Amino acid sequence: MGAVRAYLAVYNWVLFAGWSQILYSAVFALYTKGMPAVYDAVEKPLQIWQTAALFEIFNSIVGITRSPVMATLPQIASRVFITWGVLFSFPEVRDHWLVTSLILSWAVTEVIRYSFFGLKEVFGSAPRSLLWLRYTTFYILYPTGICSEAGLIYVALPYMRETGLYSLRMPNKLNFAFDYYYASILAIFAYIPGSPGMYSHMIRQRKKALAPKPKET
């Protein structure tokens, strides 16, 4: 195994372990205490492992992985924004039911994805059942995840406006103004053209990945 494959194997299995912890903690909190307890149960590992996914942008840019940069960048950036720019910054939204939907959608997706790529890097292939899950569960989990992301930004908007957090008002030494509230509204609208394109991309990936292999003659 070369250095690149070893790096990717370690990366995928570490992230698999992290997201498995998130999934277990979320389900346990949901079962024992209900939806309002889910975020508190996963806050630290969610922040750590979702931020660690930024390495995937780097991996794509330098060619370590074959994932297109233009597909990887917005997906990871939106998740990091939700993790830090919404959930961390505005505690008022953390007990909303969309948080549970979000975390479960993310966690199930990532446990499947990282185990699939981890096995591929170590053994060269993954079981057919895991291949099917990798390229099929997105039909449900991508819409639930995207809707949860956009919904949580919307839920946080009143608190963004009230607190003015991360906004820069005029006049100031930089002679520059930035309104986090309106930037977040634009982020919601960005999901409208972006999500169908990503969904179509994943459907094409599924057809390619699950296509029958040509018979050897």
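Conventions adopted
- Residues numbered from 1 in each chain as written.
- Predicted model: local features only at pLDDT ≥ 70, side-chain atom pairs only at ≥ 80, totals over all residues.
- Heavy atoms only, no water.
- Axes fitted to C-alpha atoms, helices over the stretch in contact; angles between N-to-C directions.
- Helix = DSSP H or I, 4+ residues; strand = E, 2+ residues; numbered from the N terminus.
- Parallel < 35°, antiparallel > 145°, perpendicular 65-115°, else oblique.
- Nonpolar A, V, L, I, M, F, W, Y, C, P; charged D, E, K, R; others polar.
- Salt bridge = Lys/Arg side-chain N within 4 Å of Asp/Glu carboxyl O.
- Buried < 20%, exposed > 50% of the residue type's maximum accessible area, 1.4 Å probe, protein only.
- Phe/Tyr/Trp six-rings, centres within 6.5 Å; stacked < 30°, edge-to-face > 60°.
- Lys NZ or Arg CZ within 6 Å of the ring centre and 35° of its normal.
- Contact = heavy atoms within 4.5 Å.
- Core = buried A, V, L, I, M, F, W, Y, C linked by side-chain atoms within 4.5 Å.
- UniProt positions renumbered as here; feature names shortened; annotations may be inferred.

1. Overview of the packing of helix α7 (residues 138-163) against helix α8 (residues 180-210)
Part 1 of the reasoning: For the pair α7 and α8, the least separation of the axes is 10 Å and the interaxial angle reads 175 degrees. By the criterion of interaxial angle, the relationship of α7 to α8 is roughly antiparallel.
Part 2 of the reasoning: Partitioning the contact of α7 with α8 into residue classes produces 21 nonpolar, 3 polar and 3 charged.

2. Considering the pattern of salt bridges
Part 1 of the reasoning: Using the criterion set out here, one finds 6 salt bridges in the structure.
Part 2 of the reasoning: Here Glu56 and Arg113 are joined by a salt bridge, their closest N and O atoms 3.1 Å apart. In this pair, Glu56 is assigned in helix α3 (residues 54-62) and Arg113 in helix α5 (residues 97-123), connecting sequence segments 57 residues apart. This pair shows no difference in class: Glu56 is buried, exactly as Arg113 is.

3. A closer look at the packing of aromatic side chains
Part 1 of the reasoning: On inspection of all chains with the given rule, the structure shows 17 aromatic pairs.
Part 2 of the reasoning: Both rings, one in Tyr181 and one in Tyr182, keep their centres 4.9 Å apart while their planes meet at 80 degrees; by these two values the pair is edge-to-face.
Part 3 of the reasoning: Under the relative-accessibility criterion, Tyr182 is labelled partly exposed at 46%.
Part 4 of the reasoning: Of the aromatic side chains, those joined through ring pairs into one cluster are Phe81, Phe90, Tyr166, Phe178 and Tyr180.
Part 5 of the reasoning: Sitting over the ring of Tyr114, Arg113 keeps its end group 4.5 Å from the ring centre.

4. As for the side chain of Glu56
Part 1 of the reasoning: A residue is classified by how much of its surface remains accessible, and Glu56, at 13% relative accessible area, is buried.
Part 2 of the reasoning: When near neighbours in sequence (up to four residues on either side) are disregarded, Glu56 contacts Tyr11, Thr72, Ile76, Arg113 and Tyr114.

5. Here we look at the nonpolar core
Part 1 of the reasoning: Counting residues in each nonpolar core, the largest one holds 43 residues, and the members touching the most others are Trp19, Leu46, Ile82, Val86, Leu87, Ile103 and Met160.
Part 2 of the reasoning: Going through the elements one at a time, α1 (3-32), α2 (38-52), α4 (69-88), α5, α7 and α8 are the ones with two or more residues in this core.
Part 3 of the reasoning: Top contributing element to this core by residue count: α7, with 9 residues.
Part 4 of the reasoning: Look past the residues within four positions of Leu46 in its chain and what remains in contact with it is Trp19, Ile22, Tyr39, Thr51, Thr83, Leu87 and Trp106.

6. Structural notes on the UniProt feature "transmembrane region" (unreviewed entry) in the chain
Part 1 of the reasoning: Per the UniProt annotation, the sites labelled "transmembrane region" (unreviewed entry) are residues 7-31, 97-117, 138-160 and 180-199.
Part 2 of the reasoning: Structurally, residues 7-31 comprises 100% helix and 0% strand, and the distance from its first C-alpha atom to its last is 36 Å.
Part 3 of the reasoning: Each end of residues 97-117 is marked by a C-alpha atom, and these two atoms are 31 Å apart; helix forms 100% of the span and strand 0%.

7. Comments concerning unusual backbone geometry
Working note: non-glycine residues mostly have negative phi, and peptide bonds are mostly trans.
Part 1 of the reasoning: Residue Pro171 follows Met170 across a cis peptide bond; omega there is -5 degrees.
Part 2 of the reasoning: Inspection of the secondary structure assignment puts Pro171 in the loop between α7 and α8.
Part 3 of the reasoning: A positive phi angle, close to 70 degrees, is found at Tyr166, a residue other than glycine.
Part 4 of the reasoning: Counting through the fold element by element, Tyr166 comes out in the loop between α7 and α8.
Part 5 of the reasoning: With relative accessibility at 41%, the residue Tyr166 sits in the partly exposed group.
Part 6 of the reasoning: Positive phi outside glycine occurs at Asn175, with the angle close to 55 degrees.
Part 7 of the reasoning: Mapped onto the elements of the fold, Asn175 is located in the loop between α7 and α8.
Part 8 of the reasoning: Looking at Asn175, the relative accessible area reads 58%, which means it is exposed.

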